[in-house]
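Spelled out, the chains give:
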Protein chains: 2
Amino acid sequence: MGNKTAVSPWVSIDERQKVRLDKREAVLRAAAQVFNEKGFQSTNLDEVAERLNVTKPTLYYYVHSKDEILFECVKIGLTMLQESIQEVGAQGGTALNKLTAAMRKYAEIVTMDFGKCVIRVGEDPLPPESQRKLRRIKAVIDAEFRQLIEQGIAEGSIKPCDPKIAAFTIAGALSWIARWYRPSGPLEPEEIAHQCIALLLNGLSPTQEKK
Amino acid sequence: MGNKTAVSPWVSIDERQKVRLDKREAVLRAAAQVFNEKGFQSTNLDEVAERLNVTKPTLYYYVHSKDEILFECVKIGLTMLQESIQEVGAQGGTALNKLTAAMRKYAEIVTMDFGKCVIRVGEDPLPPESQRKLRRIKAVIDAEFRQLIEQGIAEGSIKPCDPKIAAFTIAGALSWIARWYRPSGPLEPEEIAHQCIALLLNGLSPTQEKK
């Protein structure tokens, strides 16, 4: 009785694990930024370490290789895209409403570090097995877009079209933002997304073509 | 009198120059194909030589380095894009007609060897000075697209929009074709271009939004 509750001066295992994961993500994010600026081949991990104020051996406590870093960066970006489209798919509304919400998320993600890395660098520099794993996620994202378009055509909220070509047209227009958007430029990501999506929804022609 | 016209058994200088240029283009085209399939870093010039049934030293009679080859491939592709948009700009019709014709050309060129190389490989692997030269041509192409859009808005053939974002949306949608189009696939380039452009002109929404 009257004993104090024992408080360990050491950090708990859970807490240590969380700190480790946060630090690993910081490494991946810094690397994604350098990849996006300089390209994968020209990136030196010394520069990544420098940006984090650590030594290169410290990086290797969190990741094993430059290939592993790129794989993880692209995987995080693709997973963000995949989850966002699945989230909007679970919401109510027409397929066109869902598709519009998915496009907005997509445009937002490709202006962020990991999303930008998916488009600007991508899986091409990686070994075949890593490429295959990442392309599987890409195929799922593409399938989700096509399915929304097919649903929209079936219910009448989307104009009849080839869902495959439409999905690629949307993905191309939105992914391109990752290539030309500059945070220092005059346009905000929301405004770019808004205008790009308005064009995809309503087209360039002032009056709808009737057939 | 009665003399025969002298016919030299040697090929003329003009003819030799033409043969040399044709062979150089064949080298560049074979290299573009390998770059497009494998990426720039993974391409070995031995493979390019093999596809042409020549030795690697023979290649070096026409080009000096892998960097020079990529520079020339991207330059040819960009020049094709630039010339095509300037040609349609010189035709009659509304700015929307011209823009549609330019989009059709653009979509066609990015499914061809040099055009595909602009999108799939591009200038990123090259030294800064080469990048700058190629980006100057890109800026001209972008300016031509924006100008057509501005003209269209002014004359009422194109819906009011931000010409910069619209030009990038169009370029993104059409350039993406270079990434996903496979000659072995079920879709012909003309059909892809047609559907992609129809979507950009008329949008996904079945009815035009009124504001």
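This text goes with the structure placed above it.
All figures in this text were calculated on a predicted structure; none of them were measured in a lab.

Enquirer: I tried to follow the side chain of Ser157 of chain B on my own but got confused; where do I start?
Expert: By the element assignment, Ser157 of chain B lies in the loop between helix 7 (128–155) and helix 8 (163–180). Note on Ser157 of chain B: relative accessible area 11%, which makes it buried. Only 3.4 Å separates the side chain of Ser157 of chain B from the backbone nitrogen of Leu96 of chain B, close enough to count as a polar contact. For Ser157 of chain B, the side chain forms a polar contact with the side chain of Glu155 of chain B, separated by 2.7 Å. Once residues within four sequence positions are removed from consideration, Ser157 of chain B is found in contact with Leu204 and Pro206 of chain A together with Thr94, Ala95, Leu96 and Gly152 of chain B.

Enquirer: Would you mind showing me how to read the packing of helix 4 (residues 66–90) of chain A against helix 5 (residues 95–109) of chain A here?
Expert: For any two helices packed against each other, one specifies the crossing angle of their axes together with the interaxial distance. All names here are of chain A. Running from N to C, helix 4 and helix 5 cross one another at 160 degrees; their axes reach a closest spacing of 9 Å. It follows from the interaxial angle that helix 4 and helix 5 lie roughly antiparallel. Read as a crossing pair, helix 4 and helix 5 show a hand that is right-handed. Of the residues in helix 5, those in contact with Gly77, Met80, Leu81, Ser84, Ile85, Glu87, Val88 and Gly89 of helix 4 are Lys98, Ala101, Ala102, Lys105, Tyr106 and Ile109. Residues of the contact of helix 4 with helix 5, tallied by class, amount to eight nonpolar, three polar and three charged.

Enquirer: Honestly, the relation of the copies chain A and chain B in this entry has me stumped. Any pointers?
Expert: Superposition of the two copies of the chain requires a rotation about an axis and a shift along the axis. Once turned by 180 degrees and shifted 0.0 Å along the axis, chain A lies on chain B with an RMSD of 0.1 Å. The superposition of one copy onto the other is thereby described by a two-fold rotation axis. A shared binding surface is used by both copies, with 100% of the interface residues of chain A retained as interface residues in chain B.

Enquirer: Just to check I follow, could you spell out the interface of chain A and chain B for this structure?
Expert: The accessible area lost on association of the parts is a frequent measure of interface size. Between chain A and chain B, the residue contacts involve 41 residues of the former and 41 residues of the latter. Taken as a group, Ile165, Trp176 and Leu204 of chain A account for 19% of the area that chain A buries against chain B, more than any other trio of residues on that side. On the surface where chain A and chain B come into contact, there are zero salt bridges. The tally of links from chain A across to chain B stands at 16 residue pairs in polar contact (both at pLDDT 80 or more). Sorting the residues of the side of chain A that touches chain B by element identifies helix 5, helix 8 (163–180) and helix 9 (189–202) of chain A as the ones contributing at least two each. If you tally residues by element for the side of chain A that touches chain B, the top one is helix 8 of chain A, at 13 residues. Residues that form the side of chain A that touches chain B fall into these classes: 23 nonpolar, twelve polar and six charged.

Enquirer: Sorry, what's going on with helix 5 of chain A here?
Expert: It helps to recall that an α-helix has 3.6 residues per turn; residues three or four apart then point in one direction. Residue and element names in this part refer to chain A. Between its first and last C-alpha, helix 5 extends 21 Å over 15 residues, near the 21 Å set by a 1.5 Å rise per residue. For helix 5, a buried count of eleven out of 15 residues is recorded, marking the element as mostly surrounded by other parts of the structure. For helix 5, the set of buried residues is Ala95, Leu96, Lys98, Leu99, Thr100, Ala101, Ala102, Met103, Tyr106, Ala107 and Ile109. For helix 5, the elements touching its buried residues are helix 4, helix 6 (113–120), helix 7 (128–155), helix 8 and helix 9.

Enquirer: I tried to follow helix 7 of chain B on my own but got confused; where do I start?
Expert: Residues and elements named next belong to chain B. Taking 1.5 Å of rise per residue, 28 residues should cover 40 Å, and helix 7 covers 40 Å from first to last C-alpha, within 8% of that figure. Those residues of helix 7 that sit buried are Ser130, Gln131, Leu134, Ile137, Ile141, Asp142, Phe145, Leu148, Ile149 and Gly152. Its buried side turned inward, helix 7 meets helix 4 (66–90), helix 5 (95–109) and helix 8. With its phi angle positive at about 90 degrees, Gly156 sits one or two positions after the end of helix 7.

The rules we used
- Residues numbered from 1 in each chain as written.
- Chains lettered and ligands numbered in written order.
- Predicted model: local features only at pLDDT ≥ 70, side-chain atom pairs only at ≥ 80, totals over all residues.
- Heavy atoms only, no water.
- Helix = DSSP H or I, 4+ residues; strand = E, 2+ residues; numbered from the N terminus.
- Buried < 20%, exposed > 50% of the residue type's maximum accessible area, 1.4 Å probe, protein only.
- Polar contact = N/O pair within 3.5 Å; in protein donor to acceptor, adjacent residues only side chain to side chain.
- Contact = heavy atoms within 4.5 Å.
- Axes fitted to C-alpha atoms, helices over the stretch in contact; angles between N-to-C directions.
- Parallel < 35°, antiparallel > 145°, perpendicular 65-115°, else oblique.
- Left-handed = near helix turned anticlockwise from the far one by under 90°.
- Nonpolar A, V, L, I, M, F, W, Y, C, P; charged D, E, K, R; others polar.
- Least-squares fit on C-alpha atoms with pLDDT ≥ 70 in both.
- Buried area = accessible area lost by both parts, 1.4 Å probe.
- Salt bridge = Lys/Arg side-chain N within 4 Å of Asp/Glu carboxyl O.
- Expected span 1.5 Å × (residues − 1).

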